[in-house]
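# A look at the structure
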Amino acid sequence: MANIKELKEYATINNIPIMNDEGIEFLTTFIAKKQSKNILEIGTAIGYSAIEMAKVNENIHVTTIERDEARYMEALKNIKKFELEDRITLIFNDALNVHLEDEFDLIFIDAAKGQNKAIFEQFEGNLSMNGYIITDNMSFHGYVDMPEEEIPSKNILGLVRKIKDYTYFLENHMLYKTTIYQIGDGIAVTERRG
Ligand code: SAH
Ligand code: MG
């Protein structure tokens, strides 16, 4: 039997950074409220958030992209277990090599944090007129709000700076307006300016 708790345990044991409960709650409530139907996700991992999004209601279709083969294989398996093969399309590739024709009313970016801007620009042309782009991990485990001299590694500092650049990019974009929620690990909700 398909069991979401098992997926979460697998992620914990294998150090796979799936969305936390608060983040998932926000995302699925958002999808229900906005009646999103055609969703694109960048960063499938093992399929946990894709499955949670598809489960919101039966009209939803999720296309999701993952570049790591082992995770992609695990996601395939999980999506079958949940009998969601008809409503979740998995793409095994680096998102930056993927060109899609479809229009999406929600684009969920949850991939390499340093690539947020490149991924945003890669897929903004696929956003429907009244669609939303949601980006996860805008707080990056709290590091984004930490004084930079307290950040424990150069690697993390590099990513933090990229997230700050991306925040600036979103907040000053001429075509979009963005609200960042201090929910989960920090969630940015972007929509077209009116
Ligand atoms: N959304 C998932 C978690 C994703 S973790 C959930 O909450 O259940 C981030 C994933 O993005 C990782 O598995 C990583 O391999 C993948 N990823 C990072 N950069 C990517 C890229 N450029 N293209 C495709 N996948 C990417
Ligand atoms: Mg995330």
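Everything that follows concerns the structure shown earlier in this document.
The paragraphs below set out a description of the structure included in this document. Values in this document were obtained by computation on a predicted structure and should not be read as measured data.

Rules used throughout
In every chain, residue numbers begin from 1 and rise along the written sequence. Note on labels: chains are lettered from A, ligands numbered from 1, in written order. Confidence filtering applies because this is a predicted model: local features only for residues at pLDDT of at least 70, side-chain atom pairs given and counted only at 80 or more, and all residues used for totals across whole chains, interfaces and linings. Side-chain measures here rest on the full set of heavy atoms in the structure, leaving out hydrogens and waters. Water is not among the atoms examined, so metal sites may look incomplete; donors are the N, O and S atoms within 2.8 Å of the metal, or within 3.2 Å for Na, K and Ca. Numbering of helices and strands runs from the N terminus, with a helix taken as a DSSP run of H or I at least four residues long and a strand as a DSSP run of E at least two residues long. For the exposure calls, accessible area comes from a 1.4 Å probe over protein chains only, and a residue counts as buried if that area is under 20% of its type's maximum, exposed if over 50%, partly exposed in between. We call a residue near a molecule or strand as soon as one heavy atom of that residue lies within 4 Å of the molecule or strand. For the purposes of these results, a polar contact is taken to be a pair of N or O atoms within 3.5 Å, where, inside protein, one atom must be able to donate a hydrogen and its partner to accept one; residues adjacent in sequence count only when each atom of the pair is a side-chain atom. Here, Shrake-Rupley sampling with a 1.4 Å probe gives the accessible areas, and only protein chains in the shown set may cover a residue. Under the scheme applied, nonpolar residues are Ala, Val, Leu, Ile, Met, Phe, Trp, Tyr, Cys and Pro; charged residues are Asp, Glu, Lys and Arg; polar residues are all the others, including Gly. Two strands qualify as a pair provided DSSP detects at least 2 bridges between them. A fitted line through C-alpha atoms represents every axis, and for helices the fit uses only the stretch in contact; the resulting angles, taken between N-to-C directions, go from 0 to 180 degrees. Between two residues, a contact is recorded if the distance between any of their heavy atoms is within 4.5 Å. Note on aromatic contacts: the rings of Phe and Tyr and the six-membered ring of Trp form a pair at centre separations within 6.5 Å, being stacked when their planes are under 30 degrees apart, edge-to-face when over 60 apart, and tilted otherwise.

## Details of the coordination of the magnesium ion (ligand 2)
Each donor-metal-donor angle would ideally measure 109.5 degrees in four-coordinate tetrahedral geometry, or 90 or 180 degrees in six-coordinate octahedral geometry. The protein atoms that coordinate the magnesium ion (ligand 2) are Asp110 (OD), Asp136 (OD) and Asn137 (OD1), at distances spanning 2.1 Å. As a motif over one chain, the donors of the magnesium ion (ligand 2) read D-x25-D-N. Note that Asp110 is positioned in the loop between β4 (104-109) and α5 (116-123) and Asn137 in the loop between β5 (127-135) and α6 (154-171), a separation of 27 residues in sequence. Just as Asp110 is buried, Asn137 falls in that class too.

## Points about the site of ligand 1
Neighbouring residues of ligand 1: 21 residues in total, closest Gly43, Glu66, Arg71, Ala95 and Gln115. Side-chain polar atom of Asp110 to a nitrogen atom of ligand 1: 2.8 Å apart, as the coordinates give it. In the complex, 95% of the free accessible area of ligand 1, which totals 580 Å², lies under the protein chains. Secondary structure elements with two or more residues in the shell around ligand 1: α3 (48-54) and β2 (61-66). Of the residues that constitute the shell around ligand 1, the class distribution is 9 nonpolar, 5 polar and 7 charged.

## Some remarks on the sheet that holds strand β3 (residues 88-92)
If you trace the 7 strands from one edge of the open sheet to the other, you get β3-β2-β1-β4-β5-β7-β6, paired in mixed fashion. Every other strand in the sheet has two partners, leaving β3 and β6 (176-181) as the edge strands with one partner each. Sheet twist, expressed as the average angle between the axes of neighbouring strands with direction ignored, equals 15°. One ladder, built from 5 bridges, connects β2 with β3; its direction is parallel. Residue pairing across strands places Val62 opposite Ile88, the latter belonging to β3. Against the sheet, helix α4 (residues 69-81) makes contact with β2 and β3, and its axis sits at roughly 165° relative to β3, the strand it touches most. The strands touched by α6 are β4, β5, β6 and β7 (187-192); relative to β6, the strand with the most contacts, the crossing angle is about 130°.

## Thoughts on the environment of Ile60
With respect to the secondary-structure elements, Ile60 resides in the loop between α3 and β2. In this structure Ile60 comes out as buried when scored by relative accessible area, which is 1%. Along the primary structure Ile60 and Asp110 are separated by 50 residues, whereas in three dimensions their C-alpha atoms are 19 Å apart. Those residues in contact with Ile60, other than ones at most four positions away along the chain, are Ile31, Ser36, Lys37, Ile39, Met53, Ala54 and Arg87.

## Observations concerning the environment of Ile163
Relative to the helices and strands, Ile163 resides in helix α6. Residues Ile163 and Lys117, 46 residues apart in the sequence, show an inter-C-alpha distance of 9.0 Å. Not counting residues up to four positions away in its chain, the partners in contact with Ile163 are Lys113, Asn137, Met138, Phe140 and Val144.

## Some thoughts on the side chain of Ser36
On the secondary structure map, Ser36 appears in the loop between α2 (21-34) and β1 (38-42). Filtering out sequence-adjacent residues up to four positions away, Ser36 remains in contact with Ile31, Ile60, Asp105 and Leu106.

## Structural notes on the packing of aromatic side chains
Taken as a whole and judged by the stated rule, the model has 9 aromatic pairs. Ring centres of Tyr72 and Phe92 lie 4.9 Å apart, and the angle between their planes is 20°; this geometry places the pair in the stacked category. Of this pair, Tyr72 sits in helix α4 while Phe92 sits in strand β3, placing them 20 residues apart in sequence. Residue Tyr72 is classed as buried on the basis of its relative accessible area, which comes to 16%. Exposure remark for Phe92: the relative accessible area of 37% places this residue in the partly exposed category. Summarising the aromatic geometry, the rings of Phe120 and Phe169 are spaced 5.3 Å apart at their centres and angled 90° between planes, so their arrangement reads as edge-to-face. Taken together, the residues span a long stretch of sequence, with Phe120 in helix α5 and Phe169 in helix α6 at a distance of 49 residues. Residue Phe169 is classed as buried on the basis of its relative accessible area, which comes to 13%. Among the aromatic residues, ring-to-ring pairing joins Phe26, Phe30, Tyr132 and Tyr181 into one connected group.

Geometric values such as these leave the question of function open.
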